[in-house]
Amino acid sequence: MELDRDRSLECYSRMLRIRKFEEAIIAHHPVGHLSIGQEAAIVGACMALRDDDYVTGTHRSHGHPIGKGADLLPLMAEIFGKRTGICKGLGGSMHLTDTSLGLIGESAIVGGGLPLATGAGLSIQVRKTDQVSLCFFGDGASNEGTFHESLNMAAVWKLPVIYFCENNGYAVTTSVEKSHGQPDIARRADGYGMPGVIVDGQDAEAVFAATMAAVARARAGGGPTLIEAKTYRFDEHSNRLAIPIKYREEEEVAHWRGARDPIALYRAVLDGRGLAAEAEAVEAAVAKLTDEAVQFAKDSPEPEMQDLIDSMYVNPIHFPADAGIA
């Protein structure tokens, strides 16, 4: 399914925003788990959603809000721990969100978003709206109990949930081949009576098409779908984690960085459609926006103690009249 001109350029812009955002993090404030290499899977899926559709993310969290269209400035300020951050500097790298775009939240807990997305799907069903809920998770999370419990519940109740696995091949240093009896995670859908789809996670429009089909099924009351995007993380599990063992070959990483870079692949698509000049304009705009986000974060104020108190307690705290507390 080919995106039209404007949406294809927006798709490219969101992919670039993720890449440039994370490159800026590496340069200025090196924290967190990077999505570099996985941009097409994230953005292709999010382009199939509306603003009011729900999304849960993972500990590899920068890409998901950007893929849904969130503003870079408060996201960058959050990474810098500033008061203007999307969570007022209190959430940090693994807890980015934007509720105005349906982002329920992200979690450092592996598989933590699966039951939340399922609950959001139940809420949609109870409220009788035509929204959907999409849950991003990694290959490692598919061995968690919450994966099986969530998929089973969604299948039984026909909840409008898309379970989207970003299979980047490794859970920290453990390959899928060494940790899964069946390395094609999408085939697990058979056990729950739902469609299981494998898609090239480096092809943004292939991901978009697969997700659109799942969204249409969910909105029509057909129930959940499990999508597995075969993708790859270019960097380490965390850019602050020193890995003492060699768990993947340099040739493997070089192949993905070269021939399978989703940014380069989609730029070639745009060039082939005669949109090279427009793509260059997008690149310049994203570079400018990223610089603005970094400067905004640097210039923003630090959080205050009152921010922490306000986030933990109702302020002021009201006690019943008969509680005996003056």
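Residues numbered from 1 in each chain as written. Predicted model: local features only at pLDDT ≥ 70, side-chain atom pairs only at ≥ 80, totals over all residues. Heavy atoms only, no water.

J.: What is the right way to look at the layout of surface pockets in this model?
T.: To find leftover empty space, one rolls a probe the size of a water molecule over the atoms. As a volume, the largest pocket reaches approximately 300 Å³. Around the largest pocket, the lining is made up of 25 residues, and of these His-59, Val-110, Gly-138, Asp-139 and Gly-140 lie nearest the centre. Of all elements in the fold, only α5 (113-127), β3 (133-138) and β5 (170-171) reach the threshold of two or more residues within the lining of the largest pocket. Top contributing element to the lining of the largest pocket by residue count: β3, with four residues. Looking at the lining of the largest pocket residue by residue, the class counts come to 10 nonpolar, 12 polar and three charged. What the second largest pocket holds in volume is close to 200 Å³. (1 Å grid on protein atoms, 1.4 Å probe; cavity = no way out; pocket = protein on both sides within 12 Å on 5 of 7 lines; lining within 4 Å. Points joined across faces, edges and corners; volume = space filled by probe spheres on them. Helix = DSSP H or I, 4+ residues; strand = E, 2+ residues; numbered from the N terminus. Nonpolar A, V, L, I, M, F, W, Y, C, P; charged D, E, K, R; others polar.)

J.: I keep staring at the nonpolar core and nothing clicks. Help me out?
T.: For soluble globular proteins, nonpolar side chains are generally found buried alongside one another. By size, the foremost hydrophobic cluster in this structure holds 57 residues, and its most contacted members are Met-76 and Phe-164. With nine residues, helix α1 (residues 5-28) is the largest single contributor of residues to this core. Residue contacts for Met-76: discarding those within four places in its chain leaves Phe-21, Ala-24, Ile-25, Ala-293, Val-294 and Ala-297. Counting residues in hydrophobic clusters, the runner-up holds 16 residues, among them Phe-147, Leu-151, Val-161 and Tyr-163. (Core = buried A, V, L, I, M, F, W, Y, C linked by side-chain atoms within 4.5 Å. Buried < 20%, exposed > 50% of the residue type's maximum accessible area, 1.4 Å probe, protein only. Contact = heavy atoms within 4.5 Å.)

J.: It is not clear to me how the side chain of Asn-168 should be interpreted in this structure. Could you clarify?
T.: Within the secondary structure layout, Asn-168 lies in the loop between β4 (161-167) and β5. By relative accessible area, Asn-168 is classed as buried at 6%. For Asn-168, the side chain forms a polar contact with the side chain of Gln-38, separated by 2.8 Å. In contact with Asn-168, other than residues within four places in its own chain, are Gln-38, Arg-60, Asp-139, Thr-231, Tyr-232 and Arg-233. (Polar contact = N/O pair within 3.5 Å; in protein donor to acceptor, adjacent residues only side chain to side chain.)

J.: Whenever I open this one, the environment of Ala-45 confuses me. Can you help?
T.: Note on placement: Ala-45 falls in helix α2 (residues 39-46). When its relative accessible area of 0% is taken as the criterion, Ala-45 is described as buried. The spatial distance from the C-alpha of Ala-45 to the C-alpha of Phe-208 is 5.3 Å, given a sequence separation of 163 residues. With residues near it in sequence (within four places) discarded, Ala-45 still touches Leu-134, Phe-136, Phe-164, Val-207 and Thr-211.

J.: Explain unusual backbone geometry to me, please; I cannot follow it from the model alone.
T.: When glycine is set aside, most residues are seen to have a negative phi, and most peptide bonds are trans. For Lys-88, which is not a glycine, the phi torsion comes out positive at approximately 60°. Within the secondary structure, Lys-88 is located in the loop between α4 (72-79) and β2 (103-105). Judged by its relative accessible area of 47%, Lys-88 falls in the partly exposed class. Unlike most non-glycine residues, Lys-128 shows phi in positive territory, near 60°.

J.: For this particular structure, what's the right way to read the packing of α1 against α4?
T.: Two measures define how a pair of helices packs: the angle their axes make with one another and the distance between the axes. One way to put it is that α1 packs onto α4 with a least axis distance of 11 Å and a crossing angle of 30°. When the interaxial angle is binned, α1 and α4 end up roughly parallel. As α1 runs across α4, the sense of the crossing is right-handed. Contacts from Arg-17, Phe-21, Ala-24 and Ile-25 of α1 reach α4 at Leu-72, Leu-75, Met-76 and Ile-79. The residue makeup of the contact of α1 with α4, split by class, is seven nonpolar, no polar and one charged. (Axes fitted to C-alpha atoms, helices over the stretch in contact; angles between N-to-C directions. Parallel < 35°, antiparallel > 145°, perpendicular 65-115°, else oblique. Left-handed = near helix turned anticlockwise from the far one by under 90°.)

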